[in-house]
Each structure stands twice: as structure tokens, then as C-alpha cells.
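Listed here are the chains, written in short residue letters.
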Amino acid sequence: MGDYIVRGKNPLDGKLKVYGAKNAVLPILAGCVLSGGTVLLKNCPRLTDVSYTLDILRRLGCKTAFDGEEILINPAGADLWTVEAGGDMRSSVNFLGALAGRFGRAVLPAPGGCRLGRRPIDIHIRALKAMGVDVETDGEMIYAQGRPHGAEVQLDFPSVGATENVILAAVTAPGSTVLTNAAREPEICDLCRFLSAMGAKIHGAGGDMIIIEGVGQLGGCEYTVMPDRIVAATYMCAVMAAGGRLEIENAVRPHLGEVERVLTRCGAEISWASGRVDIRAPKSVRSCGTVRTGVYPGFPTDCQSQVMAVMACSAEPAIMIENIFESRFKTVPELRRMGAEIYCSGRRALVRGGELHGAGLRAMDLRGGAALVIAALGAEGESRVSGTGFIARGYRDLAGELASVGADIVSEDR
Ligand code: UD1
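Just so we're clear, the structure is a prediction, and the values are computed from it rather than from any experiment. (Residues numbered from 1 in each chain as written. Predicted model: local features only at pLDDT ≥ 70, side-chain atom pairs only at ≥ 80, totals over all residues. Heavy atoms only, no water.)

Draft legend 1. Structural detail: the site of the ligand. Neighbouring the ligand are 19 residues; Arg-119, Asp-122, Ile-123, Ser-159 and Ile-324 lie closest to it. In this structure, Pro-120 approaches the ligand through a main-chain N or O atom, which is 3.3 Å from an oxygen atom. The fraction of the free accessible surface of the ligand (710 Å²) that becomes covered by protein chains is 84%. Looking at the shell around the ligand, the elements that each hand over two or more residues are helix 4 (122–130) and helix 5 (160–170). Top element by residues in the shell around the ligand is helix 4. It accounts for three residues. Grouping the constituent residues of the shell around the ligand by class yields eight nonpolar, five polar and six charged. (Near = heavy atom within 4 Å. Polar contact = N/O pair within 3.5 Å; in protein donor to acceptor, adjacent residues only side chain to side chain. Areas by Shrake-Rupley, 256 points an atom, 1.4 Å probe, with all protein chains shown as cover. Helix = DSSP H or I, 4+ residues; strand = E, 2+ residues; numbered from the N terminus. Nonpolar A, V, L, I, M, F, W, Y, C, P; charged D, E, K, R; others polar.)

See the structure below:
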């Protein structure tokens, strides 16, 4: 993967279209092992995490084809329950619930993913145990044994991944599952809509109590994946840092409520038409005040780094509080190298930005990598962003998309 060379201070102007959501398509792909027929998924993003997941499905014995933005999956030949690939991707943990549901057994690598601090799976394990699946981990691998059955399951924290695993384990299990303190993220609703299209009976998705009545068998389906709210938010932050205006198609207003509120405080002019947001950056970016990440509908942790990058371009101080992950300030040393003053204490960061200058920057995680590109767009002079492989996990040609609306950014092989 090449480095991105960015020359900042070029205002953006134009139209970008948001593609399908990574965080929705990955659990949906895991859910395909439960299907009794062929699944056609539309609006699938070409991302490295999607390729890894298709690789997992093929090794399990599924047939897959990725054509344009459509993925066709036939899981009839799946006869393995051991996930070999995907140790570097947290979402491979979604195969736990799906494989337990299909085979009553699962073996998979303990989660990797972005390096955002400890990524325990105790909530997943307790939930599946309540459903009759014996789950153990030695830190390297996870071993699950036993067919899930309906149960009352209460999560200690509304974990997105654990909610998805319970739903995946429950849809074909005998009996009803009542899941309380469930995550309410839009990607959970998308997974439930997909499973329902295959014949699952799920009530209450989007609320904190989800009831799943197990059905013996699911069929095939055609399903269109929801647009990526984090990509939409990233584009919004990019125009705030670079200046100018953008029309962003396939943006869903309710999914971006907190992001809209925060960027409006920073001086953005935001207006909505059907399925589209128009955003115009102010002459100088104002402070967002204090931004606290939280579970949906709170401010998404996946947008914290990008907003911090915008704040690094503002002369007014701001405070970021990261409530979800413990190590999500990995971009701070890079932003400091560009001239921002940032003081961190535990989960809090005080950002004193201003005139940034270009620098050599290293992406350390997916959203942090996008944040460095955003900061570079707002900086005077040239930046070189390395570690773009992290960015490709969740963005389809970020450099190309931004260049198409006037950013001076190219990908250069080392
Ligand atoms: C999280 C985000 C999700 C985002 C995804 C990808 C939240 C609530 N979740 O989902 O929006 O799309 O990352 O970046 O914002 N935890 C435990 N034990 C567990 C599971 C989780 O202690 O068994 C803790 C985690 O350490 C973390 C918090 O719960 O502090 C959130 O975890 P969870 O929602 O499960 O994370 P993801 O599913 O990765």
C-alpha cells in the first residue's frame, strides 16, 4: 500500500457518494453461514476487511463471488467451523455466534482489529453461555461447543459485537431469546433487517430490548447494505479541515445526529435534502466545546479521531473525552508533530490547535489514519501519510475520492 502525499489548504468543492457500511456488511457476511439458500448482497464496499471476510467464508466451504458492488454467497457447502484467517480483524468474532448457530461448534482467533486498547470478549462469552454454548478462550483462540437455545440474556454493557453474536446465535436456535441492554447502533438494525429478509423473526431492533424467536431454517435473500455513516462523517470532517463545500450523497440524517450537532458548533453550515447532506465549512473553524463519545445515539467513537483532527486546525481549544476505548488517542503524537498542542490525561484530551504545518505522519489505526489525512488537508505545505493499509480496511480509495473533489492528494508507492 502506497503512502499518501497531501498538500493542504486546497478547498474542496464537489460531490461524493457514500458506499455500503463496513460495520454493517461484516456481521451480515458472517450471518450468511446461517442461510439455507443463496444470498445476494448489494451496495457492498470494496475494502480489505470485506476481502478478509470473504476469504474466511471460502475457507469454511462457502462459494462467494464479488462483482462490482454485489456479493453472491452460497453457503450450502460450508462444512468447517474453524476460522483460520481474520486474526487481525476484530469482526471475525462475529463468526462465533453464526458458526455456533449453524454447527453447534466454532473455533476462531481471539479478536485483533485496530489497536485501541484491550478488546475483551467476556460479554460475548457470558451471553453465549446463557444460551447453552460453552465458550472458552486461551487468549489466542476461542473455542465454542454446544447448540444455542433461546434464553434471557442481559448484557453488562451494550456491546455492538456481543449484541450481534447473540442475534446470530439466536435466529435459528429453538425457543425465544430476550436480549436486554442490547446495542442500538444502526448497523444492528441492518443485520436484523438482513436476517429477517431470510425469514428470521426479530422484534425490537434499534431499542435496548430485542426479542428473537428462533426459526428452524432460514432461506436465501437479496439485501442492500446500509450506507456508511462513518464514511459520511469522515467526508464532513475533511471539508471542515480543508475548507470549501461538499454534497454528500447517501447520508442518513438520523445516523449522523451527534456529528451534525458537533460540526454545527464548529461553524459548519449543514443542510439536508433527500438522502443527501450539503456541508459548507466556515472561514475559520470554531471550537466544538467538549465532545464525549458514547453508545448510539451518542457521539460515535469511530468519529472521535477525525473531529480531533478538525480541532487541531482550529485556533479555539476543545476537549475530547473517549468513553468507549482506552487507547484511542494514537494520532496525538502525529498531530503534535504538525504543530498542534494536545494534552492527554487518561480518556481526556485538551486540543489547542491553530496553523498546522505538513509533516511525515504514520497511521496507527483505521479511523486515526483517516484523521491524519484530514489534518494534512488543513495544514500548510506537504505531508506524507504512511501506514495507509489501515485506512484501506475501512475506506475505498480515500485518496482518490478526496482528489475527485479538489484535494491535492496522491498515493505514491514507496
Ligand atoms: C465498537 C463500537 C462500534 C464501532 C466498532 C468498530 C461502541 C459501543 N461500539 O464496536 O460502534 O463501530 O467498535 O470500531 O461504540 N467490551 C468488553 N467486553 C466485551 C466486549 C466489549 O469489555 O466482551 C468493551 C470494549 O472493551 C469497549 C466497549 O465494551 O470498551 C465497546 O465494545 P463493543 O461495542 O463490543 O465494540 P465493538 O463491537 O468493536
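Draft legend 2. Structural detail: the domain arrangement of the chain. Domain annotation for the chain reports domain 1 (3–19 + 227–412) and domain 2 (22–224). With 24 residues of domain 1 in contact, the opposing surface of domain 2 contributes 23 residues. Between domain 1 and domain 2 lies a buried interface of about 2,100 Å² when both sides are counted; carbon and sulfur atoms form 53% of it. One can count three salt bridges joining domain 1 with domain 2. For the side of domain 1 that touches domain 2, the elements supplying multiple residues, two or more each, are helix 11 (366–378) and helix 12 (388–392). Looking at side-chain class alone, the side of domain 1 that touches domain 2 contains eleven nonpolar, three polar and ten charged residues. (Domains from an automatic or database assignment. Contact = heavy atoms within 4.5 Å. Buried area = accessible area lost by both parts, 1.4 Å probe. Salt bridge = Lys/Arg side-chain N within 4 Å of Asp/Glu carboxyl O.)

Draft legend 3. Representation of the packing of helix 4 against helix 5. Remark: helix 4 packs on helix 5, axes separated minimally by 9 Å, with the N-to-C direction vectors making an angle of 25 degrees. Considering the angle they form, helix 4 stands roughly parallel to helix 5. For helix 4 against helix 5, the interelement crossing comes out right-handed. Side by side, helix 4 and helix 5 meet where Ile-123, His-124, Ala-127 and Leu-128 of the first sit next to Gly-161, Ala-162, Asn-165, Val-166 and Ala-169 of the second. A class-by-class count of the residues in the contact of helix 4 with helix 5 yields six nonpolar, three polar and no charged. (Axes fitted to C-alpha atoms, helices over the stretch in contact; angles between N-to-C directions. Parallel < 35°, antiparallel > 145°, perpendicular 65-115°, else oblique. Left-handed = near helix turned anticlockwise from the far one by under 90°.)

Draft legend 4. Quick peek at the packing of aromatic side chains. Evaluated as defined, the whole model comprises two aromatic pairs. Centroid distance Phe-194 to Tyr-223: 5.9 Å. Interplanar angle 65 degrees. Geometry classified as edge-to-face. Here the residue Phe-194 occupies a position in helix 6 (residues 186–197), and Tyr-223 occupies one in strand 13 (residues 221–224), the gap between them amounting to 29 residues. Just above the ring of Phe-66 sits the side chain of Arg-46; from NZ or CZ to the centre is 3.9 Å. (Phe/Tyr/Trp six-rings, centres within 6.5 Å; stacked < 30°, edge-to-face > 60°. Lys NZ or Arg CZ within 6 Å of the ring centre and 35° of its normal.)

Draft legend 5. Seen up close, the layout of surface pockets. By volume, the second largest pocket is sized at about 320 Å³. At three residues, the largest contribution of residues to the lining of the second largest pocket is made by helix 7 (residues 229–242). Class assignment for the residues of the lining of the second largest pocket results in eight nonpolar, five polar and five charged. (1 Å grid on protein atoms, 1.4 Å probe; cavity = no way out; pocket = protein on both sides within 12 Å on 5 of 7 lines; lining within 4 Å. Points joined across faces, edges and corners; volume = space filled by probe spheres on them.)

Draft legend 6. The arrangement of the sheet that holds strand 15 (residues 269–273) in detail. In space, the four strands of this open sheet follow the order 2-14-16-15, with mixed pairing throughout. Edge positions in the open sheet fall to strand 2 (12–17) and strand 15, since each of these has one partner strand only. Recorded for the sheet is a direction-independent mean angle of 10 degrees between the axes of neighbouring strands. Sheet analysis places strand 15 next to strand 16 (residues 276–280), joined by five bridges and oriented antiparallel. Across the sheet, Trp-272 pairs through a bridge with Val-277, a residue of strand 16. Most of the contacts of helix 7 go to strand 14 (residues 244–249), to which it runs at about 170 degrees, and overall it touches strand 2, strand 14, strand 15 and strand 16. (Pairing = 2+ DSSP bridges.)

Draft legend 7. Structural view of the nonpolar core. Among the nonpolar cores identified, the biggest contains 148 residues, and Leu-41, Phe-194, Leu-195, Leu-263 and Ile-279 are the most heavily contacted of them. With twelve residues, the single largest contributor to this core is helix 7. Of the domains in this structure, domain 1 (3–19 + 227–412) and domain 2 (22–224) are the two that each give at least three residues to this core. Excluding residues within four positions of it along the chain, Leu-263 makes contact with Met-236, Cys-237, Met-240, Ala-268, Ile-270 and Ile-279. (Core = buried A, V, L, I, M, F, W, Y, C linked by side-chain atoms within 4.5 Å. Buried < 20%, exposed > 50% of the residue type's maximum accessible area, 1.4 Å probe, protein only.)

Draft legend 8. Structural detail: the state of the cysteines. Taken as a whole and assessed by the stated rule, the structure comprises zero disulfides. Not part of a disulfide, Cys-221 finds its nearest cysteine sulfur in Cys-32, a span of 7.3 Å. Cys-221 sits in the buried class, given a relative accessible area of 11%. With no disulfide of its own, Cys-237 lies closest to Cys-303 among cysteine sulfurs, the gap being 6.5 Å. (Disulfide = S-S within 2.5 Å.)

Draft legend 9. Broad picture of the sheet that holds strand 8 (residues 141–145). If you walk across this open sheet you meet the three strands as 6-8-7, and the pairing is antiparallel. Since the sheet does not close on itself, it has two edges, and those belong to strand 6 (105–109) and strand 7 (134–137), each with one partner. Strand-to-strand, the axes of this sheet are offset by a mean angle of 10 degrees, without reference to chain direction. With four bridges joining them, strand 7 and strand 8 adopt antiparallel strand pairing. The residue of strand 8 that forms the bridge with Asp-134 is Gln-145. Contacts from helix 3 (residues 95–103) reach strand 6, strand 7 and strand 8 within the one sheet, and its direction differs from that of strand 6 by about 155 degrees.

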